[in-house]
Amino acid sequence: MAAAAPRRAADAWAGLAQTNPALAIVDALLRGTGQVMFQNNPLTGLLFLAGIFVNSAKLGGLGVLGLAASTLTAYLLGADRTLVRNGLFGFNGILVGIGLAFFLQYNGLLVVYVIVGAALSTVVMMALANFFSPWDMPALTAPFVLAAWLLLFAVLQFANVRPSSLIAPALPDPHAVPPTQLREMATGGGAVGLTAGNLAHAFFRGIGEVMFQDKLATGVIFLVAILVNSRISALFAALGSALGGLTALTVGANGVSIYHGLFGFNAVLCGIALGGLFFVLTWRSAIYALVAAIVSALVFAGIVVLLSPIGMPALTAPFVLVTWLFLLPKAGFRALVPVALADVSTAENAVSSYRTREGGPAAAEPGDAS
Amino acid sequence: MAAAAPRRAADAWAGLAQTNPALAIVDALLRGTGQVMFQNNPLTGLLFLAGIFVNSAKLGGLGVLGLAASTLTAYLLGADRTLVRNGLFGFNGILVGIGLAFFLQYNGLLVVYVIVGAALSTVVMMALANFFSPWDMPALTAPFVLAAWLLLFAVLQFANVRPSSLIAPALPDPHAVPPTQLREMATGGGAVGLTAGNLAHAFFRGIGEVMFQDKLATGVIFLVAILVNSRISALFAALGSALGGLTALTVGANGVSIYHGLFGFNAVLCGIALGGLFFVLTWRSAIYALVAAIVSALVFAGIVVLLSPIGMPALTAPFVLVTWLFLLPKAGFRALVPVALADVSTAENAVSSYRTREGGPAAAEPGDAS
Amino acid sequence: MAAAAPRRAADAWAGLAQTNPALAIVDALLRGTGQVMFQNNPLTGLLFLAGIFVNSAKLGGLGVLGLAASTLTAYLLGADRTLVRNGLFGFNGILVGIGLAFFLQYNGLLVVYVIVGAALSTVVMMALANFFSPWDMPALTAPFVLAAWLLLFAVLQFANVRPSSLIAPALPDPHAVPPTQLREMATGGGAVGLTAGNLAHAFFRGIGEVMFQDKLATGVIFLVAILVNSRISALFAALGSALGGLTALTVGANGVSIYHGLFGFNAVLCGIALGGLFFVLTWRSAIYALVAAIVSALVFAGIVVLLSPIGMPALTAPFVLVTWLFLLPKAGFRALVPVALADVSTAENAVSSYRTREGGPAAAEPGDAS
């Protein structure tokens, strides 16, 4: 549970946001930012934004544009106001904005492109929410992945919106063995190999890369931002990043990619989602979440290979795919206790609701719950 | 609403088709042709066929073969007779026939291949109809896209069914900037650039390309054919083709592709489907439909890039994907009023039913309807 | 129906398995092996294992590891005990084990990789079971395909798990015409062309390749193993393999691939699944199943082309895709009588239940049943 001081500030802010329409909009946008990592908390969102702007004003600016465009689209189309206020139409928009800014060259048309992509993410969000309602399943960041993929793929056909040098189509070479030593991409700089510094970079950049922020300091700020809202989510974010990187080291992935956190960010999201949020936290669901984090690091490599002939990025597709697969079994695995979508708030609340329901902390084994 | 004379002729024909089994079959096949653009009208279908045969007897002939094969398959498997009579098992079949004829070299085995593909489209149609029933969603031309894709991909492994020169696998080149000037593909011929003639070609070929008809006159006939059944559908077909082309010009797509209508045909279908057919026509749903048309032009480029390593065509997959995404939100967006699948006939009928239901032309705002 | 002697032995075994926990585990694992071809029979599973070990101890050993790992995962996660005992969490695991062993180089890490893949297949199995429950549809071998694909794709990024020489990414060449003469891959050996011997190899290897067993004798053993449980399934397995190969010969596929049964194994599975198991066997459903087998051979080529830029195998994806498409129409085609998933046992039982329900062997036409 969050410490008392931030909680009081949060309550005060919530009161202001209910009475002042301008603050209500700011609140919805900040919650939308926090929801990128499932944290429905405006302070978390504010710290996320700080972490992004510390790294890049360009990514931050186009991210905020996407955030505003997707939220406004939801409002204009008459989406449920409570969902809009909780930021559920914002988190895909900010990711679309940052993602397109990250992989495309900046020009005036890119601004329009971000607005179209963010609006599209809102339509996809509502489409998936309706599609998944029979199973009570979340859309996660699939609206971002789908909207950004389609718009990114397209630019290889366009003269007026151009890819950055990160887009490099090539057939995978089965004989090429990746260099596994941890090191920074920039030539000449930094130590090489399993140093404490390099591991720290891999760990914190893994958290930063959830929002394309390839910077240690941003990862630190992001982790603090999560901690403000939920200790359990912060713990599983950290465990996810660590396990994603360790999995990549074990299978011998490219050390430069590991250093820059690319094997961490999907594992971070899997860790948070499955570590107490969509399943009640128990020893068994904790192990389940960590296995999902490990699998997401492997699936990341798989999707990178799948997209390599067109040179496109995996984005958070590994997280979406793995979390859907690990979440869809729901009550089919009696070792796990799913949380109804309408009840999802924090991992801490899920545990205390479950204990109350089951009659105190000495709750029955999850296996008996159904 | 249709003019009086065609309507009287249509009523007379409908009477004949009910009493004469041979005419009933012709009627079902013509409606199947009309349904390619959602027009359940035998005269529209007849004009579509005229437009196709004006351009190519080969495409027309194999199209009619596919139409007959898919409709017969539905009949033999015992599909709902009303659906069969309304042409709902024909439109994917005619598209499979024309599509395979367009991308493959003609020989005796191609005829068998078309029959297998058309029969497969009927199975996929029923599969998707059943799959989508919990959401009351239409299969659109997905059965055509899926059946044609699988059979087209396969020929690169076969000696006896061969691709035409349109199939050219290549890795996309991120450094290549497409030539954006509007012009015809054939070297030497025609003006270059934004001339009225070139824009007319882009506009009408965009309508013709819905059925792979790369000819201005065919586009004109198709537009008249839609107009015979629904002024609103004709308007949105025209707006779709125009917006698809304009979007492509804005982002700087290949001018040859734009000239030949390749950025138009998916936007035409999105325009018709979302412009009054599956959502009641209002100012808000009109804008929504036009945004979908714009998005479909971008998604077309995205799917072309995705398939470029195997050199395969996007077909109407951009239309299917975008329309599914824009339709799935249904009542989740209160600004839009969805039409139940069983009630879909023409955009005009949807408006008048809605007005009747809501108590006259001075109907309440859609936003208040739910 | 099975002959009397094996049936008595089966009943005796079932009795032992119910009382002895160790035998219960063996029974579940053997049924899991049999379920690869829908045969819930421990003797069939035992013969399948014999057929595999006759060909390769390495494939057999890693297959059994996958079988045990996926079954244990289901047990630990609290999956329905009856499903676990019937082998429904084993068949994807054994396929993951054999498949990874087939396409990857052996080392210590591969053993861990197989365990992770097999455990993942159990999660995907439960995910798909829950996803498909509104339509009462089976997951088939999709958990194997998805888990194995993701882990296979990934290794092109890893230094410590390496692909075998079977993984060879390349753009498809539309001008290349495959050599169509039947012959063995190994240079120099064996007759070339349509000899009885080559056709026998294509036929039996087509059955063996369901479990990656490229050996005539293994195919013979597999066919006997199916026959032990169901004559109808054995018949449709044989018809599937024959039709898959004949389809490939007709369209002019690569003769080496045909010889090694690669156009047969998906058709074998389509034949068994649709030939009396998920639809009651009638003349119409028999033809329907055989058309599906033919289509699966074409779809196999299509998926091979789709994956050729990353050099990855189609696995049983053609079977899964075609069977889902042909099964999803369910009662929408009145010519077919679907079997509820909970009632699926053998094709023979489905026919006799249907006859009992409809009032004796002189049952009404299926078309009238609804």
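Chemist: Outline the overall build of chain A, supporting the account with residue identities and numerical values.
Modeler: Looking only at helices and strands, chain A has 16 helices and zero strands in total. Taken over the C-alpha atoms alone, chain A extends approximately 60 × 45 × 40 Å along its principal axes. Residues counted as buried form 59% of the 370 residues belonging to chain A. Long-range contacts, defined as pairs at least 24 residues apart, comprise 73% of the intrachain contacts of chain A with a sequence gap of at least 6. With an accessible surface of roughly 13,000 Å², chain A has 67% of that area assigned to carbon and sulfur atoms. A distance of 5 Å separates the average location of the 16 positive side-chain charges in chain A from that of its 13 negative side-chain charges.

Chemist: So what's going on with the packing of helix α11 (residues 231-251) of chain C against helix α13 (residues 265-277) of chain C? Which residues, and what values?
Modeler: All names here are of chain C. The N-to-C vectors of α11 and α13 enclose an angle of 140 degrees; their axes lie 7 Å apart at closest approach. Comparing their axes, α13 and α11 come out oblique. Our pair here, α11 against α13, has a crossing hand that is right-handed. Here Ile-232, Ser-233, Phe-236, Ala-237, Gly-240, Ser-241 and Gly-244 of α11 lie close against α13, whose contacting residues are Ala-267, Val-268, Gly-271, Ile-272 and Gly-275.

Chemist: Break down the nonpolar core for me, citing the residues and quoting the values.
Modeler: With 352 residues, the main nonpolar core has Met-37 and Tyr-113 of chain A, Met-37 and Tyr-113 of chain B together with Met-37 and Tyr-113 of chain C as its most contacted residues. Setting aside residues no more than four positions away along its own chain, Tyr-113 of chain B makes contact with Leu-100, Leu-104, Leu-151, Ala-154, Val-155, Phe-158 and Val-161 of chain B together with Leu-298 of chain C.

Chemist: Go over the packing of aromatic side chains with me, naming the residues and quoting the values.
Modeler: Enumeration according to the criterion identifies 63 aromatic pairs over all chains in this entry. Ring centres 6.1 Å apart and planes at 25 degrees place the aromatic pair Trp-149 of chain B and Phe-153 of chain B in the stacked group. Taken together, the residues Trp-149 of chain B and Phe-153 of chain B, both in helix α8 (residues 142-154) and four residues apart, mark about one turn of the helix. Just as Trp-149 of chain B is buried, Phe-153 of chain B falls in that class too. Ring pairs connect the aromatic residues Phe-131, Phe-132, Trp-135 and Trp-324 of chain A, Phe-131, Phe-132, Trp-135 and Trp-324 of chain B together with Phe-131, Phe-132, Trp-135 and Trp-324 of chain C, which therefore count as one cluster.

Chemist: Account for a nonpolar patch on the surface, with residues named and values stated.
Modeler: Residue and element names in this part refer to chain A. Together, Leu-72, Tyr-75 and Leu-76 give the surface a local cluster of nonpolar side chains, amounting to about 330 Å² of exposed area. Structurally, Leu-76 is set in helix α4 (residues 57-76). For Leu-76, a relative accessible area of 54% corresponds to the exposed category.

Chemist: Provide a residue-level description of the interface of chain B and chain A, including the pertinent values.
Modeler: Interface size is often expressed as the accessible area that is lost when the parts come together. Between chain B and chain A, the residue contacts involve 39 residues of the former and 38 residues of the latter. Interface area, chain B with chain A, both sides summed: about 3,300 Å², of which 76% is carbon and sulfur. In terms of surface lost to chain A, no three residues of chain B exceed Trp-135, Pro-174 and Phe-333 of chain B, which account for 18% of the buried area on that side. Here chain B and chain A share 13 residue pairs in polar contact (both at pLDDT 80 or more) between them. When residues of the side of chain B that touches chain A are traced back to their parent elements, those giving at least two are α11 (231-251), α14 (283-307) and α15 (317-327) of chain B. Looking at which element gives the most residues to the side of chain B that touches chain A, the answer is α14 of chain B, with ten residues.

Chemist: Run through the pattern of salt bridges, naming residues and quoting values.
Modeler: Residues and elements named next belong to chain B. Tallied over the entire structure, the rule returns six salt bridges over all chains. Asp-214 is the salt-bridge partner of Arg-205, the closest N and O atoms lying 2.8 Å from each other. Taking relative accessible area as the criterion, Arg-205 reaches 7% and is therefore assigned buried. Residue classification places Asp-214 among the partly exposed positions, given a relative accessible area of 27%.

Chemist: So what's going on with the side chain of Thr-73 of chain B? Residues and values would help.
Modeler: Residue and element names in this part refer to chain B. Its location among the elements puts Thr-73 in helix α4 (residues 57-76). Note on Thr-73: relative accessible area 17%, which makes it buried. Filtering out sequence-adjacent residues up to four positions away, Thr-73 remains in contact with Ala-119 and Thr-122.

Chemist: Explain unusual backbone geometry to me, using residue names and the numbers behind them.
Modeler: Residues other than glycine seldom take positive phi values, yet Phe-212 of chain A does so here, at roughly 65 degrees. Mapping Phe-212 of chain A onto the fold places it in the loop between α9 (196-208) and α10 (216-229). Since its relative accessible area comes to 7%, Phe-212 of chain A is described here as buried. Positive phi, close to 65 degrees, is recorded for Phe-38 of chain B, a residue that is not glycine. Inspection of the secondary structure puts Phe-38 of chain B in the loop between α2 (21-34) and α3 (42-55). The class of Phe-38 of chain B is buried, set by a relative accessible area of 13%.

Chemist: Could you give me a rundown of the relation of the copies chain B and chain A, with the residues and numbers involved?
Modeler: Between chain B and chain A, which share one sequence, the superposing operator has a rotation angle of 120 degrees and an axial displacement of 0.0 Å; the RMSD is 0.0 Å. The transformation relating the two chain copies, once decomposed into turn and shift, fits a three-fold axis. No C-alpha of chain B lies nearer the rotation axis than that of Pro-309 of chain B, which sits 3.8 Å from it. A share of only 10% of the interface residues of chain B reappears at the interface of chain A, consistent with the copies meeting through non-equivalent patches.

Chemist: Go over helix α7 (residues 108-131) of chain A with me, naming the residues and quoting the values.
Modeler: In this model α7 of chain A runs 35 Å from its N-terminal to its C-terminal C-alpha over 24 residues, within 8% of the 34 Å that 1.5 Å per residue would give. Near the N-terminus of α7 of chain A, the side chain that reaches the backbone nitrogen of Leu-109 of chain A, with its oxygen 3.0 Å away, is that of Asn-107 of chain A.

Calculation notes
Chains are numbered independently. Their residues run from 1 in the order of the written sequence. Ligands are numbered from 1 and chains lettered from A, in the order in which they are written. Selection of residues for local features in this predicted model requires a pLDDT of at least 70, selection of side-chain atom pairs for listing and counting requires 80 or more, and totals for whole chains, interfaces and linings are taken over all residues. With hydrogens and water stripped out, all remaining heavy atoms of the structure feed into the side-chain values. Helix and strand definitions here come from DSSP, where helices need a minimum of 4 consecutive H or I residues and strands a minimum of 2 consecutive E residues; each element is numbered from the N-terminal end. Type-normalised accessible area, obtained with a 1.4 Å probe on protein chains alone, sets the label of each residue: buried when under 20%, exposed when over 50%, and partly exposed for intermediate values. Contact definition: two residues touch when any of their heavy atoms are within 4.5 Å. Under the convention used here, a 1.4 Å probe and the Shrake-Rupley method define accessible areas, while residue burial counts only the protein chains that appear. We treat Lys and Arg as the positive residues and Asp and Glu as the negative residues; His and chain ends play no part in the count. For this purpose, a charge sits on NZ of Lys, CZ of Arg, CG of Asp or CD of Glu. Lines fitted to C-alpha atoms define the axes here, with helix axes fitted over just the stretch in contact, and angles between the N-to-C directions of these axes take values from 0 to 180 degrees. Each angle receives one of four descriptions, namely roughly parallel if under 35 degrees, roughly antiparallel if over 145, roughly perpendicular if within 65 to 115, and oblique otherwise. Definitions for this section: a left-handed crossing has its near helix turned counterclockwise from the far helix by less than a right angle. A right-handed crossing has that turn clockwise. The criterion is simple. A nonpolar core is a set of buried Ala, Val, Leu, Ile, Met, Phe, Trp, Tyr and Cys residues joined through side-chain atoms within 4.5 Å. The criterion for an aromatic pair is that two Phe, Tyr or Trp rings (for Trp, the six-membered ring) have centres within 6.5 Å, with stacked assigned to planes under 30 degrees apart, edge-to-face to planes over 60 apart and tilted to the rest. For patch detection, residues must exceed 30% relative accessible area and be free of salt bridges, and they are connected within 9 Å for like charges or within 5 Å for nonpolar side chains (Val, Leu, Ile, Met, Phe, Trp, Tyr). Salt bridges, as used here, are contacts in which a Lys or Arg side-chain nitrogen is within 4 Å of a carboxyl oxygen on Asp or Glu. Two parts placed together each lose some accessible area under a 1.4 Å probe, and the buried area is that loss summed for both. Counted as a polar contact is a pair of N or O atoms within 3.5 Å, where, for protein atoms, one must be capable of donating a hydrogen and the other of accepting one, and residues adjacent in sequence contribute only when both atoms are in side chains. To superpose the copies, least squares is applied to the C-alpha atoms of every residue with a pLDDT of at least 70 in both. Between the first and last residue of a helix there are one fewer steps than residues, each counted as 1.5 Å, and that sum is the expected span.

That's the geometry; what it means functionally is another story.
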